[in-house]
Amino acid sequence: MDTPVAVAGPSVWQGATLKERDWLVPVHPLLPGGATGDAPPGQEGGDPAARAAQCLNRGPGLAVVRGLGLDALTDEECVAACRRFMAPLGDVRPANPDHPGDNLVTAATSAPVPPARAHHPGEDLALHTDRAKFPGPPRLLGMLCIRPARHGGESVLVSGHAVHNVLLRSRPDVLPDLYQDFHFGRGPDFEHIYPVFRRGAGRLHVQYNRYWITRGQQEHGNPLSAAQVAALNAFDEVLADPRMALRVRLRRGDLLLVDNMAILHGRTSFADPPPPHPGRCLVRVWAD
């Protein structure tokens, strides 16, 4: 097991003290066809993808790219534009035509969702990292807002590195269990086994999804022990501290980029207008 040591650097933050300038990347709108234009002189200062990469790799581990023009684009063209923007940041995973919910995220997705996992728009989406199918969790998550919800639907973001440091100070007794392997779900391409915290390539990796950990352990015939439950409860208690979370209401044309190995994401409950009015819709893209 890795020896728990405190994480240092800008990836350790609390939402209560994080400055907007540390994560907001304003850009010139997309030009026809989805390309990005030059930033207005003296305002944005350079290539927005490069500035987003700086936020991801040497900053808080997240960025909101603001000002992508989507008015002339269909939803499918927005998916392509998001993928093009993220291409310089990593190896974008191929789109899966059999699971459109992997690309366009709305209140209801066509992908099958277990009843216990389904999220009604009136409910919050718990903080988690994405696990994805083979080859496993992506390094980078992108969420492009095509249409925000009428009410609610704020993105909630927490630094997993900050959670680790809080536990190291206040509950070091639970860290050994969080550095041990858990089953994150079960099924085709979902046989993922890894700890909540692990060190690799000189950094701390964080993977967390309380629902899939609990379900995965049960389906493998190895229910969580009392010590493991206590450790996960301690993790959740830190997540619940309102000082930890950054809340961002994404606007149309906002692209949220998250280091999926360091930052947990979720959302608040939301309400959409009644049909036939279009509801909330985001593009989701993964990259390695």
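As shown above, the structure is provided for reference.
Here the structure is a predicted model, which means the values were calculated and not measured.

Scoring rules and cut-offs
All residue numbers here refer to positions counted from 1 along the written sequence of the relevant chain. Restriction of local features to residues with pLDDT of at least 70 applies here, the model being predicted, together with a cutoff of 80 or more for giving and counting side-chain atom pairs; totals for whole chains, interfaces and linings are based on all residues. With hydrogens and water excluded, all non-hydrogen atoms of the structure serve as input to the side-chain values. Counting from the N terminus, the helices are DSSP H or I runs at least four residues long and the strands are E runs at least two residues long. Given a helix with a known number of residues, its expected span is that number minus one, times 1.5 Å. Any residue under 20% of the maximum accessible area for its type is buried, any over 50% is exposed, and the rest in between are partly exposed; the area is computed with a 1.4 Å probe on protein chains only. Note: the arc covers the axis-to-C-beta directions of the helix. Contact criterion: two residues are considered in contact whenever any of their non-hydrogen atoms come within 4.5 Å of each other. Polar contact is defined as a pair of N or O atoms within 3.5 Å, subject to the rule that within protein one atom must be able to donate a hydrogen and the other to accept it, and that residues adjacent in sequence are counted only when both atoms are side-chain atoms. Every case where a carboxyl oxygen of Asp or Glu lies within 4 Å of a side-chain nitrogen of Lys or Arg is listed as a salt bridge. Two strands are said to pair when DSSP picks up at least two bridges between them. For every element, the axis is a line fit to its C-alpha atoms; helices are fit only across the contacting stretch, and the angle between N-to-C directions ranges from 0 to 180 degrees. Nine residue types can take part in a nonpolar core, namely buried Ala, Val, Leu, Ile, Met, Phe, Trp, Tyr and Cys, and a core is a set of them joined through side-chain atoms within 4.5 Å. The rule is short: rings of Phe, Tyr and Trp, with Trp giving its six-membered ring, pair when the centres are within 6.5 Å, and they are stacked under 30 degrees, edge-to-face over 60, tilted in between.

**Describing helix α2 (residues 75-86)**
Here is step 1: With 12 residues, α2 extends 17 Å between its outermost C-alpha atoms, agreeing within 8% with the 16 Å of an ideal straight helix rising 1.5 Å per residue.
Here is step 2: For α2, the full list of buried residues reads Cys78, Val79, Ala81, Cys82, Phe85 and Met86. Across the axial projection of α2, the buried residues extend over an arc of 165°, all falling on one side.
Here is step 3: Of the surrounding secondary structure, the elements contacted by the buried residues of α2 are α1 (48-58), β2 (62-66), β3 (104-106), β5 (140-147), β13 (255-259) and β16 (281-287).

**Quick look at the side chain of Asp254**
Here is step 1: Residue position: Asp254 is located in the loop between β12 (246-248) and β13.
Here is step 2: A distance of 2.7 Å separates the side chain of Asp254 from the side chain of Arg66, its partner in a polar contact.
Here is step 3: Ignoring any residue separated from it by four or fewer positions in sequence, one finds Asp254 in contact with Val64, Val65, Arg66, Gly67, Met143, Leu144, Cys145 and Arg249.

**So, the pattern of salt bridges**
Here is step 1: Under the definition given, this model contains 11 salt bridges.
Here is step 2: The partner of Asp288 in a salt bridge is Arg93, with the nearest N and O atoms 2.9 Å apart. Highlighted residues: Asp288 in the segment after β16 and Arg93 in the loop between α2 and β3, separated in sequence by 195 residues.
Here is step 3: Residue Arg93 is classed as buried on the basis of its relative accessible area, which comes to 11%.
Here is step 4: Each of Arg139, Arg203 and Asp259 takes part in one network of salt bridges that share partners.

**Topic: the sheet that holds strand β14 (residues 263-267)**
Here is step 1: Strand order in the open sheet made by the four strands is β4-β14-β7-β12, with antiparallel pairing throughout. The open sheet terminates on both sides in strands that have one partner only, identified here as β4 (125-128) and β12. Within this sheet the neighbouring strands show an average axis-to-axis angle of 20°, counted without direction.
Here is step 2: Alignment of β4 against β14, held across two bridges, turns out to be antiparallel. In the strand pairing of β14, Leu125 is matched with Arg267.

**With respect to the nonpolar core**
One recurring pattern in soluble globular proteins: nonpolar side chains tend to sit buried together.
Here is step 1: One finds Leu167, Leu178, Val196, Phe197 and Phe235 to be the most contacted residues of the largest nonpolar core, which totals 31 residues.
Here is step 2: Broken down by secondary-structure element, the contributors of at least two residues to this core are β7 (155-159), α3 (160-170), α4 (175-178), β8 (181-184), β11 (203-206) and α6 (226-239).
Here is step 3: In terms of residue count, α6 provides more of this core than any other element does, six residues in total.
Here is step 4: With sequence-adjacent residues up to four places away left out, Phe235 is seen in contact with Val163, Leu167, Leu178, Val196, Phe197, Tyr208 and Leu264.
Here is step 5: Core analysis: the second largest hydrophobic core is formed by 26 residues, Cys78, Cys281, Val283 and Ala287 among them.

**Quick look at the sheet that holds strand β1 (residues 24-26)**
Here is step 1: Reading across from one edge, β1-β2-β13-β5-β16-β3 is the order of the six strands in this open sheet, with mixed pairing throughout. Looking at which strands have only one partner, the edges of the open sheet turn out to be β1 and β3. The sheet shows a mean angle of 25° between the axes of neighbouring strands, taken without regard to direction.
Here is step 2: Pairing between β5 and β13: five bridges, direction antiparallel. Within the sheet, the bridge partner assigned to Met143 lies in β13 and is Leu256.
Here is step 3: This element, α1, spans β1, β2, β5 and β13 of the sheet and lies at about 155° to β2.

**A word on the packing of aromatic side chains**
Here is step 1: All chains considered together, the criterion is met by five aromatic pairs.
Here is step 2: On the numbers, 5.9 Å between centres and 45° between planes, the contact of Tyr179 with Phe197 is tilted. Linking Tyr179 in the loop between α4 and β8 with Phe197 in strand β10 (residues 197-200), this pair joins segments that are 18 residues apart in sequence. With respect to class, Tyr179 is no different from Phe197; both count as buried.
Here is step 3: A ring pair is formed by Tyr211 and Trp212, whose centres lie 4.9 Å apart and whose planes are at 80°; its orientation type is edge-to-face.

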